[in-house]
Amino acid sequence: MSSVAIVGAGPGLGAAVARRFGREGFAVALLARDAERLGALAGELAREGVRARGFAADVRDPLALAGALARAAEELGTVEVLQYSPVPQRDFMLPVLETTHADLTGPVEFSVYGPVAAVQQVLPGMRELGRGTILLVNGGTAVIPHPDRAGTSIAFAAESAYGHLLHDRLAGEGIHVGQLIIPGAIVAGHPRKDPAVLADALWGMHRDRHGFRHYADDLDG
């Protein structure tokens with residue numbers, strides 16, 4: 001059995017993606033910092049028939065993140081799908097003229113070092129399977145930088161570049177890399193940004209394997 005690993009799993013999008021992929025027969029590895037919340041979510045999913053387990057790790061600690069993904073593969077099966085979708089911290093979003101080099105440490109650890117560590121950990125398993133999908137989830141500042149959110153604007157741009165490079169390099173190996181841009185907030189009941197709707201979009205990206213960048217909604221919406 002192979003698994004989907006959701007980095008940044010929570011009760012909104014992460015839970016919805018777990019349910020969507022779980023319905024397709026995937027085991028689900030839930031990764032986030034809070035072990036207690038992960039355990040509660042895994043228990044909730046188990047009651048719905050989804051095989052899920054939590055693995056606590058901070059995405060700003062590359063070794064811990066890689067270790068959690070390694071345990072996930074050992075316990076649930078090779079990671080066939082990696083979703084990287086943690087929610088950025090508010091202190092990453094300072095105005096550009098107030099942003100120092102030190103203020104960029106956190107965003108870069110979060111949106112560059114984290115994805116690179118995660119991909120490097122799961123890539124050998126995907127290559128052994130002969131297939132795989134890497135899904136990056138970002139906000140609108142990945143496409144249009146915002147002067148009052150300098151940290152995420154800069155770090156998301158770097159994450160986007162990394163993802164695009166992976167998309168081009170890995171396509172010939174049967175490994176698809178895609179990015180979903182979600183402008184603004186995820187909103188329950190929204191026709192395009194409800195968690196279940198977004199989970200369907202991410203499943204479609206995995207299934208259809210077409211193109212790198214996809215949009216959940218209009219950028220000015």
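The name that an unreviewed UniProt entry assigns to the chain is SDR family NAD(P)-dependent oxidoreductase, with the source organism given as Streptomyces sp. 900105755.

Draft legend 1. Expanded view of the overall build of the chain. Of regular secondary structure, the chain possesses six helices and seven strands. Listing the helices and strands of the chain from first to last along the sequence gives β-α-β-α-β-α-β-α-β-α-β-α-β. The C-alpha radius of gyration of the chain comes to 16 Å, within 12% of the 17 Å expected for a compact globule of 221 residues. Taken along the three principal axes of its C-alpha coordinates, the chain extends 50 × 35 × 35 Å. Counting across all 221 residues of the chain, residues that qualify as buried make up 51%. Summarising the internal contacts of the chain: among those between residues at least 6 apart in sequence, 74% fall at separations of at least 24. Entry remark: accessible area of the chain is about 10,200 Å², with carbon and sulfur atoms responsible for 54%. One finds the centroid of the 20 positive side-chain charges in the chain at a distance of 5 Å from the centroid of its 25 negative side-chain charges.

Draft legend 2. Layout of helix H2 (residues 35–47). In this model H2 runs 18 Å from its N-terminal to its C-terminal C-alpha over 13 residues, within 8% of the 18 Å that 1.5 Å per residue would give. Close packing links the buried residues of H2 with helix H1 (13–23), strand E2 (27–32) and strand E3 (52–56). Trailing H2 by a residue or two, Gly-49 shows a phi angle of about 90°, which is positive.

Draft legend 3. Quick peek at the nonpolar core. Counting residues in each nonpolar core, the largest one holds 31 residues, and the members touching the most others are Leu-31, Leu-65, Leu-69, Leu-82 and Ile-134. Secondary-structure elements contributing two or more residues to this core are strand E1 (3–7), E2, helix H3 (62–76), strand E4 (79–84), helix H4 (105–129), strand E5 (132–139), helix H5 (150–170) and strand E6 (175–182). Counting residues per element, this core draws most heavily on H4, at six residues. Dropping the residues within four chain positions of it, Leu-31 is found in contact with Ala-5, Ile-6, Val-7, Gly-8, Ala-9, Leu-38, Phe-55, Leu-65, Ala-68 and Leu-69. Core analysis: the second largest hydrophobic core is formed by 30 residues, Val-50, Ala-52, Ile-182 and Leu-198 among them.

Draft legend 4. Molecular detail of the packing of H4 against H5. The geometry of H4 relative to H5 is characterised by a closest axis approach of 8 Å and an angle of 20° between their N-to-C directions. Here H5 runs roughly parallel to H4, going by the angle between their axes. Crossing hand, H4 versus H5: right-handed. Packed against H4, whose contacting residues are Pro-107, Val-108, Ser-111, Val-112, Pro-115, Val-116, Val-119, Gln-120, Leu-123 and Arg-127, the element H5 presents Gly-151, Ala-155, Phe-156, Ala-158, Glu-159, Tyr-162, Leu-166 and Leu-170 at the interface. Residue classes in the contact of H4 with H5 are distributed as 13 nonpolar, three polar and two charged.

Draft legend 5. Summary view of the packing of aromatic side chains. A complete count under the given rule lists four aromatic pairs for this structure. For the ring pair Phe-21 and Phe-26, a centre distance of 5.5 Å and an interplane angle of 75° mean the geometry is edge-to-face. With a relative accessible area of 0%, Phe-21 lands in the buried category. Taking the centre distance of 5.5 Å and the plane angle of 70° together, the rings of Phe-92 and Phe-110 count as edge-to-face. Of the two residues, Phe-92 is situated in the loop between E4 and H4 and Phe-110 in helix H4; the sequence distance between them amounts to 18 residues. For Phe-92, a relative accessible area of 4% gives the class buried. In this structure Phe-110 comes out as buried when scored by relative accessible area, which is 6%. Chaining the aromatic ring pairs together yields one cluster made of Phe-21, Phe-26 and Trp-203.

Draft legend 6. Here's a closer look at the side chain of His-206. With respect to the helices and strands, the residue His-206 is situated in helix H6 (residues 195–208). Apart from residues lying up to four places away in sequence, His-206 is in contact with Phe-21, Phe-26, Glu-80, Val-81 and Thr-133.

Draft legend 7. Quick peek at the pairing of E5. In terms of burial, E5 is a largely internal element, eight of the eight residues being buried. Residues of E5 alternate between two faces, with Gly-132, Ile-134, Leu-136 and Asn-138 on one and Thr-133, Leu-135, Val-137 and Gly-139 on the opposite face, all of them buried. As defined by bridge partners, E4 adjoins E5 across four bridges and the pair is classed as parallel. In the sheet register, Val-81 faces E5, and the bridge partner there is Thr-133. With H4 bridging E4 and the parallel E5, this β-α-β connection has right-handed handedness. Strand direction decides the pairing type here: E5 and E6, joined by eight bridges, are parallel.

So, how was this worked out
- Residues numbered from 1 in each chain as written.
- Predicted model: local features only at pLDDT ≥ 70, side-chain atom pairs only at ≥ 80, totals over all residues.
- Heavy atoms only, no water.
- Helix = DSSP H or I, 4+ residues; strand = E, 2+ residues; numbered from the N terminus.
- Rg over C-alpha atoms; globule rule 2.2 N^0.38 Å.
- Buried < 20%, exposed > 50% of the residue type's maximum accessible area, 1.4 Å probe, protein only.
- Contact = heavy atoms within 4.5 Å.
- Areas by Shrake-Rupley, 256 points an atom, 1.4 Å probe, with all protein chains shown as cover.
- Lys, Arg positive; Asp, Glu negative; His and termini not counted.
- Charge placed at Lys NZ, Arg CZ, Asp CG, Glu CD.
- Expected span 1.5 Å × (residues − 1).
- Core = buried A, V, L, I, M, F, W, Y, C linked by side-chain atoms within 4.5 Å.
- Axes fitted to C-alpha atoms, helices over the stretch in contact; angles between N-to-C directions.
- Parallel < 35°, antiparallel > 145°, perpendicular 65-115°, else oblique.
- Left-handed = near helix turned anticlockwise from the far one by under 90°.
- Nonpolar A, V, L, I, M, F, W, Y, C, P; charged D, E, K, R; others polar.
- Phe/Tyr/Trp six-rings, centres within 6.5 Å; stacked < 30°, edge-to-face > 60°.
- Pairing = 2+ DSSP bridges.
- Right-handed = clockwise from strand over helix to strand, strands pointing away.

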